[in-house]
Amino acid sequence: LPSAAAAIASALLSEVFGFTSGLSGYWRRGLVDWGVASKFLVISVPFSFLGAIAASSVAGNPQLLRAVYAALMIGLSVFLTLSDNSSQQQQFQQQQQQQQQDEFDQECPVPDDDNQIRTKTAADGTVYEYLMPQTTPVAASATSFGAALTGLLGVGIGEV
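**Q** How should I be thinking about the overall build of the chain in this particular structure?
**A** Looking only at helices and strands, one finds five helices and two strands in the chain. Reading the chain from its N end, one meets helices and strands in the order α-α-α-α-β-β-α. Put simply, of all contacts in the chain between residues at least 6 apart along the chain, 66% involve residues at least 24 apart. By element, 62% of the accessible surface of the chain is carried by carbon and sulfur atoms, the whole surface being about 11,600 Å².

Structure follows, in structure tokens:
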């Protein structure tokens, strides 16, 4: 592509098609909880536009663009290298097995304060119950960062 700005625009366009494809598949299956999704959209859409606006200044300076992307990759590699996921995964699997056993033995009571438990019935009739995601400052910050990153560099947090 002729410029960094064109590359970012192309990446953003492919993100839009990729996200739309995934969303339409989940929507057709009746698996989108718009009440939960709207809480993320209220934060992510404005920040993705802010990132896209900032992209024009970053794209004008290819060195800065490379530095931002390199810093992001180095930060991610350090995080992945230093995180100990094997023990966390084992602990999570043990918790899942124990939870399944508890459900067989007795009903697992979870308080339904402030609509914490959500129920979604898919198009095929499968009923899903899950806890409402917590809207904490940390969650809002992570959503804001991911959205701004998507707008700025044309990559979603999932690709990074």
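**Q** Help me understand the pairing of strand S1 (residues 117-121), please; the structure alone is not making it clear to me.
**A** Regular strands place side chains that alternate from one sheet face to the opposite one. The pairing of S1 with strand S2 (residues 127-131) spans five bridges and is classified as antiparallel. Paired with Lys120 across the bridge in S2 is Tyr128. Between S1 and S2, which follow one another and run antiparallel, lie five residues, and Gly125 among them has a positive phi close to 95 degrees.

**Q** What am I meant to see in the confidence of the model for the chain here?
**A** Note that predicted coordinates carrying low pLDDT should not be read in detail. Put simply, the chain has an average pLDDT of 79, and 82% of its residues get 70 or more. Model confidence for the chain, summarised as mean pLDDT per element, is weakest for helix H4 (residues 85-105) at 69 and strongest for S1 at 87.

**Q** What is the right way to read the packing of aromatic side chains from this model?
**A** Here the distance between the centres and the angle between the planes together describe a pair of aromatic rings. Enumeration according to the criterion identifies one aromatic pair in this entry. Ring geometry for Trp27 versus Trp34: centroids 5.6 Å apart, planes at 80 degrees, classification edge-to-face. On the accessibility criterion, Trp34 (40% relative accessible area) is partly exposed.

**Q** Looking at this model, I keep getting lost on helix H1 (residues 4-28). Mind explaining?
**A** Residue pairs three or four apart in sequence face the same way in an α-helix, which turns once every 3.6 residues. Spanning 25 residues, H1 covers 36 Å between terminal C-alpha atoms, matching the ideal 36 Å at 1.5 Å per step. Where H1 is concerned, the buried positions are Ala4, Ile8, Ala11, Glu15 and Gly25. Turning to H1, the residues buried within the fold contact helix H2 (34-59), helix H3 (62-82) and helix H5 (137-153). Just beyond H1, the residue with positive phi is Gly30, at close to 75 degrees.

**Q** In this structure, what is going on with the pattern of salt bridges? I would like to understand it.
**A** Where charged atoms from two side chains of opposite charge approach closely, those side chains can pair. Across all of its chains, the model carries one salt bridge by this definition. The salt bridge involving Arg118 is made with Asp33; its shortest N-O contact spans 2.6 Å. One end of the pair, Arg118, is in strand S1; the other, Asp33, is in the loop between H1 and H2, with 85 residues separating them in the sequence. Here Asp33 falls in the buried class, since its relative accessible area comes to 14%.

**Q** Explain the packing of H3 against H5 here, please?
**A** For any two helices packed against each other, one specifies the inter-axial angle together with the distance between the axes. The N-to-C vectors of H3 and H5 enclose an angle of 140 degrees; their axes lie 12 Å apart at closest approach. Taken together, the axis directions place H3 and H5 in an arrangement best described as oblique. Relative to H5, H3 is oriented so that their crossing is left-handed. Residues Leu65, Val68, Tyr69 and Leu72 of H3 lie in contact with H5, whose contacting residues are Phe145, Leu149, Leu152 and Leu153. Class assignment for the residues of the contact of H3 with H5 results in eight nonpolar, no polar and no charged.

**Q** What should I look at first to understand the side chain of Ser144 in this one?
**A** As for its placement among the helices and strands, Ser144 is situated in helix H5. Reaching out from Ser144, the side chain makes a polar contact with the backbone oxygen of Ala140 at a distance of 2.7 Å. Filtering out sequence-adjacent residues up to four positions away, Ser144 remains in contact with Ile43 and Phe47.

**Q** Before we go on, may I ask you to explain the packing of H2 against H5 in this structure?
**A** Two elements in contact, H2 and H5, have axes whose closest approach is 6 Å; the angle formed by their N-to-C orientations is 40 degrees. By the criterion of interaxial angle, the relationship of H2 to H5 is oblique. As H2 packs across H5, the resulting crossing turns out to be right-handed. Facing H2, whose interface residues are Phe40, Ile43, Ser44, Phe47, Ser48, Gly51, Ala52, Ala54, Ala55 and Val58, H5 presents Ala140, Thr143, Ser144, Ala147, Ala148, Gly151 and Leu152.

What counts, and where the lines are drawn
Residues numbered from 1 in each chain as written. Predicted model: local features only at pLDDT ≥ 70, side-chain atom pairs only at ≥ 80, totals over all residues. Heavy atoms only, no water. Helix = DSSP H or I, 4+ residues; strand = E, 2+ residues; numbered from the N terminus. Contact = heavy atoms within 4.5 Å. Areas by Shrake-Rupley, 256 points an atom, 1.4 Å probe, with all protein chains shown as cover. Pairing = 2+ DSSP bridges. pLDDT = per-residue confidence, 0-100. Phe/Tyr/Trp six-rings, centres within 6.5 Å; stacked < 30°, edge-to-face > 60°. Buried < 20%, exposed > 50% of the residue type's maximum accessible area, 1.4 Å probe, protein only. Expected span 1.5 Å × (residues − 1). Salt bridge = Lys/Arg side-chain N within 4 Å of Asp/Glu carboxyl O. Axes fitted to C-alpha atoms, helices over the stretch in contact; angles between N-to-C directions. Parallel < 35°, antiparallel > 145°, perpendicular 65-115°, else oblique. Left-handed = near helix turned anticlockwise from the far one by under 90°. Nonpolar A, V, L, I, M, F, W, Y, C, P; charged D, E, K, R; others polar. Polar contact = N/O pair within 3.5 Å; in protein donor to acceptor, adjacent residues only side chain to side chain.

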